[in-house]
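Observations on chain architecture
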Amino acid sequence: MASVTRWLGMQFRRFGPAKEQVSVIGQGTWYLDPGSRASVVTALRQGLDFGMRHIDTAELYGDGEAERIVGDAIAGRRDEVFLVSKVLPRNATRLGTIAACERSLARLRTDHLDCYLLHWRGPYPLEETIAGFEQLVFRGKIHHWGVSNFDVPDLEEALSIAGPDQITCDQVLYHLQERAIEHAVLPWCLRHGVAIVAYSPFGHGHFPSSHTRGGRLLEQIAEAHNATPRQVALAFLVCRDLLFAIPKASNPEHTAENAGAGNLRLSDEELLKIDRAFPVGPPRRELPML
Ligand code: NAP
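Presented here is an overview of the structure given in this document. (Residues numbered from 1 in each chain as written. Predicted model: local features only at pLDDT ≥ 70, side-chain atom pairs only at ≥ 80, totals over all residues. Heavy atoms only, no water.)

**Digging into the site of the ligand**
As a matter of local geometry, the ligand sits amid 27 residues, with D56, H204, K248, S250 and H254 nearest to it. For the ligand, a nitrogen atom lies 2.9 Å from a polar atom in the side chain of Q171. Between H204 and the ligand, the recorded distance is 2.6 Å, taken from a side-chain N or O atom to an oxygen atom. Taking 910 Å² as the accessible area of the ligand by itself, protein coverage stands at 89%. Examining the composition of the shell around the ligand, we find that three residues originate from one element, helix α9 (residues 252–259), more than from any other. (Near = heavy atom within 4 Å. Polar contact = N/O pair within 3.5 Å; in protein donor to acceptor, adjacent residues only side chain to side chain. Areas by Shrake-Rupley, 256 points an atom, 1.4 Å probe, with all protein chains shown as cover. Helix = DSSP H or I, 4+ residues; strand = E, 2+ residues; numbered from the N terminus.)

Below, the structure written as structure tokens:
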């Protein structure tokens, strides 16, 4: 059985244009089970102990309940966390963005977010949402803002409105079996210094099984590092500067395992083998995975 003690060396890196150093592995909160609240809070707090300081949530998740659970988990530990939440597109007018953020802050029981994202492109002009973000920065309610599920044309539009070094991150679907962002979104973000946050890094529960060629390769590489296949997958996803991943785990054992990817470095040869076993598929339109 692989070691879960690698967390002692969690890597941190600059989060795009933000000056903060953020753990390469963070914690997602979609589909947290409110029925197992105590164990979920324990898992999140243990994740913080293990160095997974980036917690991702959204007003959407559990209709605000995920933010309340995160509020419990970070109580008394706010300074340790790089806290991210998201505004729903239907709320993302200038005033709506500000009001949604206030509601999220109340549920999270904090006075600021480290980063606030537009969850995906919606009906309102981007100028409106960005004006809301800028007001929130001005008032100290958020330190940075970013986007999610943005394709290159959306990113170009946001850049033309906000100017350089303002878009902190694009949070996008990225896992071994879904690497479409590598066609255009990833190169664009690397060129403009925007952090990429890989959501659903385990395919939202569809992780390659050991019955597949790719799954067996992950096992072989894991064995060589006294690691697990999931740790290898996460290490692949964050192998470059500006890349981060936010697996969700409500089971404390899973949290410990995921944190173990935070200092796992794969060789060029291993990265190449994984690259060949999980080829980049055709381009796709960035859409929220709902
Ligand atoms: P995911 O992280 O790919 O997979 C979560 C599933 O994997 C859960 O069933 C979890 O089980 C299991 N798991 C986690 N660690 C494990 C381990 N070490 N061993 C075995 N199973 C493990 O899926 P996700 O929740 O879709 O994505 C992660 C986060 O990204 C979300 O929670 C959310 O914060 C964010 N997200 C953002 C968007 C967006 O549109 N911006 C969309 C989707 C997701 P347990 O819970 O039982 O531990």
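**Some thoughts on the packing of aromatic side chains**
Under the counting rule described, the total for this entry stands at seven aromatic pairs. Each ring, one from F15 and one from F244, has its centre 5.0 Å from the other, and the planes form 65°; the classification is edge-to-face. Of this pair, F15 sits in the loop between β1 (12–14) and β2 (21–23) while F244 sits in strand β9 (residues 243–245), and the two are 229 residues apart along the sequence. Assigned by exposure class, F15 and F244 land together as buried. Both rings, one in Y116 and one in F133, keep their centres 5.7 Å apart while their planes meet at 75°; by these two values the pair is edge-to-face. Of the two residues, Y116 is situated in strand β5 (residues 113–118) and F133 in helix α4 (residues 126–138); the sequence distance between them amounts to 17 residues. Take Y116 and F133: they sit in the same class, and that class is buried. Ring-pair connections join several aromatic residues into one group, and the members of that group are F15, F82 and F244. The ring of F202 has R230 lying over it, and the distance from NZ or CZ to the ring centre is 5.2 Å. The ring centre of F207 lies 4.5 Å from the NZ or CZ of R230, which sits over that ring. (Phe/Tyr/Trp six-rings, centres within 6.5 Å; stacked < 30°, edge-to-face > 60°. Buried < 20%, exposed > 50% of the residue type's maximum accessible area, 1.4 Å probe, protein only. Lys NZ or Arg CZ within 6 Å of the ring centre and 35° of its normal.)

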